[in-house]
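Given next are the chains, with one letter for each unit.
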Amino acid sequence: MASAPASSTWVVVPTYDEADTIEPLVEAIRGTLEPAPGVLIVDDASPDGTGALADRLAERHEDVAVLHRPAKLGLGPAYLAGFRDVLDRGAELIVQMDADFSHDPAEVATLVSAARHADLVVGSRYVAGGRVTDWGPGRRAISRWGSRYARAVLGMRVHDMTSGFKCWRRTALEGIDLDSVRSHGYAFQVEMTYHADAAGFTVVEVPITFRDRRVGESKMTGPIVAEAAVQVPRLRLRGRR
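Criteria and thresholds
- Residues numbered from 1 in each chain as written.
- Predicted model: local features only at pLDDT ≥ 70, side-chain atom pairs only at ≥ 80, totals over all residues.
- Heavy atoms only, no water.
- Pairing = 2+ DSSP bridges.
- Helix = DSSP H or I, 4+ residues; strand = E, 2+ residues; numbered from the N terminus.
- Axes fitted to C-alpha atoms, helices over the stretch in contact; angles between N-to-C directions.
- Contact = heavy atoms within 4.5 Å.
- Buried < 20%, exposed > 50% of the residue type's maximum accessible area, 1.4 Å probe, protein only.
- Right-handed = clockwise from strand over helix to strand, strands pointing away.
- Core = buried A, V, L, I, M, F, W, Y, C linked by side-chain atoms within 4.5 Å.
- Salt bridge = Lys/Arg side-chain N within 4 Å of Asp/Glu carboxyl O.
- Parallel < 35°, antiparallel > 145°, perpendicular 65-115°, else oblique.
- Left-handed = near helix turned anticlockwise from the far one by under 90°.

1. Comments concerning the sheet that holds strand 9 (residues 166-169)
In a beta sheet, neighbouring strands pair by backbone hydrogen bonds and run either parallel or antiparallel. Across the sheet, 7 strands lie side by side as 5-4-2-6-9-7-10; this open sheet has mixed pairing. In this open sheet, the two edge strands, each paired with only one partner strand, are strand 5 (64-68) and strand 10 (203-207). Pairwise comparison of adjacent strand axes, ignoring direction, gives a mean angle of 20 degrees for this sheet. Across 4 bridges, strand 2 (residues 9-15) lies against strand 6 (residues 93-96) in parallel orientation. Paired with Val12 across the bridge in strand 6 is Gln96. Helix-sheet contacts for helix 1 (residues 22-30) involve strand 2, strand 4 (38-43) and strand 5, and the interaxial angle to strand 4 is about 155 degrees.

2. Topic: the pairing of strand 4
Among the 6 residues that make up strand 4, 6 are buried, leaving the element largely enclosed by the rest of the structure. Alternating positions in strand 4 separate into two faces, Gly38, Leu40 and Val42 on one and Val39, Ile41 and Asp43 on the other, with burial throughout. Two strands pair when backbone bridges link them, and strand 2 and strand 4 are joined in this way by 6 bridges, in the parallel orientation. Within strand 4, the position partnered with Trp10 by the bridge is Gly38. Pairing of strand 4 with strand 5, which is carried by 5 bridges, proceeds in the parallel orientation. What sits directly across from Ile41, in strand 5, is Val66. Each parallel crossover has a hand, and for strand 4 linked through helix 2 (residues 50-60) to strand 5 it is right-handed.

3. Digging into the nonpolar core
Counting 30 residues, the largest nonpolar core has Val13, Ile41, Met97, Val121 and Cys167 as the members making the most contacts within it. Listed by contribution, the elements that provide at least two residues to this core are strand 2, helix 1, strand 4, helix 2, strand 5, strand 6 and helix 4 (108-114). Among the elements that make up this core, the one with the highest residue count is helix 4 (5 residues). Those residues in contact with Ile41 that sit more than four places away from it in its chain are Val13, Thr15, Ile22, Val26, Ala54, Leu57, Val64, Ala65, Val66 and Leu67. Formed by 25 residues, the second largest nonpolar core is a distinct cluster that contains Val42, Phe83, Trp168 and Leu173.

4. Details of the pattern of salt bridges
Under the definition given, this model contains 10 salt bridges. When the shortest N-O distance is used, the salt bridge between Arg60 and Glu27 registers 3.3 Å. One end of the pair, Arg60, is in helix 2; the other, Glu27, is in helix 1, with 33 residues separating them in the sequence. Arg30 is the salt-bridge partner of Asp63, the closest N and O atoms lying 2.9 Å from each other.

5. Concerning the packing of helix 3 (residues 75-88) against helix 7 (residues 187-198)
In the contact formed by helix 3 and helix 7, the axes pass within 8 Å of each other and the chain directions differ by 50 degrees. The orientation of helix 3 with respect to helix 7, classified from their angle, is oblique. Viewed along their axes, helix 3 and helix 7 form a crossing whose handedness is right-handed. Taking contact as the criterion, the partners of Leu75, Gly76, Tyr79, Leu80 and Phe83 in helix 3 are, on helix 7, Phe188, Gln189 and Met192.

Below you can see the structure in the form of structure tokens.
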């Protein structure tokens, strides 16, 4: 297990209807580092009781915290609220990951270790050693097309522009104007990586294995894909100004 100073590493996990996974996920995350990282659950008023389960986890573990939001307000805003919260708690390294086990908690240590030499570490499906399991051809094609499209339009060298498994140094998040981030869905992942690179921060990729969610339904929808297609060229235009 990689090591980190107490309370210096936090993992931010947005949730909406993740009652079946949140408890085993948090327990798995807490076992990835020594001492255990802090875990912030950002719940968007899940109707399935995820927020109440998160509160019980916070009562059980002093390194678990919960940020309740009043409604389902989007992935991007959830992460931004979580980032601000853990920065206020003194986090030096901030990991972001999905709540459905599509990101392997065991790989948190890999991202944290790589952050010793980078400002932003991207857990990548599309570099040597990275892979995707359980997806059909259509989902694979959409994901690869999205990353290639963003790379081409934005002139980026990052292979997995849509990855949601990342580790940020505090200085990188503080060096980005979070109030200017506009994306709500998965375009948020592209936008944040673009801002980090444009600000001159060191961005590296490490290979990960991405698995389809264990239970529940995917949050990927047509409007989310459409937002990403529109937001990417807007980012380029804003950057040119």
